[in-house]
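Results of the structural survey
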Amino acid sequence: MKSIAFLLLALSFSNSASAASCCGGGFAFPALIMGDDKAQLTSSLSYAQVTDDVLANKKWIKRDDGNHSQTLKLEAATLLSDTVQTGISVPVITRTIAHESSTGLGDIGLTLGHETLPEKSYSRWKPKGLTFLQVIAPTSPSIYDAMNTLASDSRGRGFFSVGGGVALVKIFGRYDANASLELHKSFARDFSSPANGGTITATPGFGHGWSIGGGWNKGDWRLGTSFTGLYEDAVEISGAQNSKGSAQKNVTWSAMANYMMGMESAWTLSYADQTLFGAPENTPLSKTVTISYQTRWQR
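Now for a description of the structure that goes with this document. Source: prediction; values computed, not measured. Within each chain, residues carry numbers counting from 1 in the order of the written sequence. Reporting of local features is limited, given that this is a predicted model, to residues whose pLDDT is at least 70; pairs of side-chain atoms are given and counted only at 80 or more, and all residues count toward the totals for whole chains, interfaces and linings. Side-chain figures throughout are based on the complete set of non-hydrogen atoms in the structure, without hydrogens or water.

It is worth spelling out the overall build of the chain at this point. A run of DSSP states H or I qualifies as a helix once it reaches four residues; a run of E qualifies as a strand once it reaches two. Both are numbered from the N-terminal end. A count of helices and strands for the chain gives one helix and 17 strands. C-alpha atoms define the radius of gyration in this analysis, and the globule rule sets the expected value at 2.2 Å times the number of residues to the power 0.38. Relative to the globule expectation of 19 Å for 299 residues, the C-alpha radius of gyration of the chain, 19 Å, shows essentially globular dimensions. Exposure categories follow from relative accessible area, calculated using a 1.4 Å probe and restricted to protein chains: below 20% of the type maximum is buried, above 50% is exposed, and the middle band is partly exposed. Out of the 299 residues belonging to the chain, those deemed buried represent 50%. Summing over all exposed atoms, the chain offers an accessible surface of approximately 13,300 Å²; the carbon and sulfur share of this is 62%. For accessible areas, the Shrake-Rupley method is used with a probe of radius 1.4 Å. Any residue's cover is judged against the shown protein chains and nothing else.

Right, dumping it as structure tokens:
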């Protein structure tokens, strides 16, 4: 019973931790091997609808321009040793705004993880914990170099980012809990496009993210919920244009259902909403439905 619950929790953590990332809007948590497996492969398909924009002065504006996206994401992770793992995340995004549509690669993520708090013996309170390093590569256009009129080809942030953090999970009978925290730094880049009127230098800063969640397990099923927060420092623009920018923040609430098809595969259906909680600033807000399938290879 506990092994099935732990596998469901590990899958749910992977889905809830990345729920806040939409249309290249932020630094996504990595998909880590949280169970006792040697490798895992996760494929997910999501549909996101941007329903609101929140300005830097916290004013809300409803969106009715048909701004939506579909994301097919493949995530793989494998052990390098008993405690060290590596992983990769590759998204392919189709984004539509009004009459414009664009399909292509999103930003790719590479991860190195370490089982810093192993669960070698029973403890009523001690969680299992992994620390990780992650690099996000700007492998897709961003808002700074998009060529389409409405920037529908903007599928990423546009910056190299390096971050690190910790992920914790714990089972209490039929119930479980998970939490994570990460800090990252993004690096300045030059962009050239007709929309900029020449070359600009975009200088981002630091950012951080967090998540906390829990669930209830019965047999092969798990029902859970989570909250995920994101903060990004302002991006300063200089060159052909000049702007101090504004910080970005939002909170995503998610609900999910997981179903185990044996010890090596599982399905997840989740819903994520950025319009319900927190005090968002300078950010688009979306509602997202995701279905995912994960295959694991046991040690």
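The structure having been displayed, the exposition proceeds.
The phi dihedral of Lys58 is positive, around 75°, even though this residue is not glycine. For Lys58, the location among the structural elements is in the loop between strand S1 (37–54) and strand S2 (60–62). The phi torsion at Ala98 lies on the positive side, around 55°, for a residue other than glycine. Relative to the helices and strands, Ala98 resides in the loop between strand S4 (84–97) and strand S5 (100–105).

Right, let's talk about the sheet that holds strand S14 (residues 236–239) for a bit. The strand order across the open sheet formed by three strands is S10-S11-S14, and the pairing between neighbours is antiparallel. Edge positions in the sheet fall to strand S10 (189–193) and S14, since each of these pairs with one other strand and no more. The mean angle between the axes of side-by-side strands here comes to 30°, regardless of whether they run parallel or antiparallel. A pair of strands is treated as paired once DSSP finds two or more bridges between them. As paired strands, strand S11 (residues 198–203) and S14 are joined by four bridges and run antiparallel to one another. Counterpart to Ala202 in the pairing with S14 is Ile237. With axes taken as lines fitted to C-alpha atoms, and helix axes fitted only over the stretch in contact, angles between N-to-C directions fall between 0 and 180 degrees.

Right, let's talk about a nonpolar patch on the surface for a bit. Patch definition: residues with relative accessible area over 30% and no salt bridge; like charges joined within 9 Å; nonpolar side chains (Val, Leu, Ile, Met, Phe, Trp, Tyr) joined within 5 Å. Salt bridges are identified by distance alone: a Lys or Arg side-chain nitrogen within 4 Å of an Asp or Glu carboxyl oxygen. Together, Leu45, Leu72, Val92, Leu105, Trp221, Tyr259, Met261, Trp267, Leu269, Val289 and Ile291 line one region of the surface with nonpolar side chains, adding up to about 990 Å² of accessible area. At the level of elements, strand S16 (265–273) and strand S17 (283–298) are the ones that each hand at least two residues to the nonpolar patch. Relative to the helices and strands, Tyr259 resides in strand S15 (residues 248–260). The class for Tyr259 is partly exposed, based on a relative accessible area of 31%.

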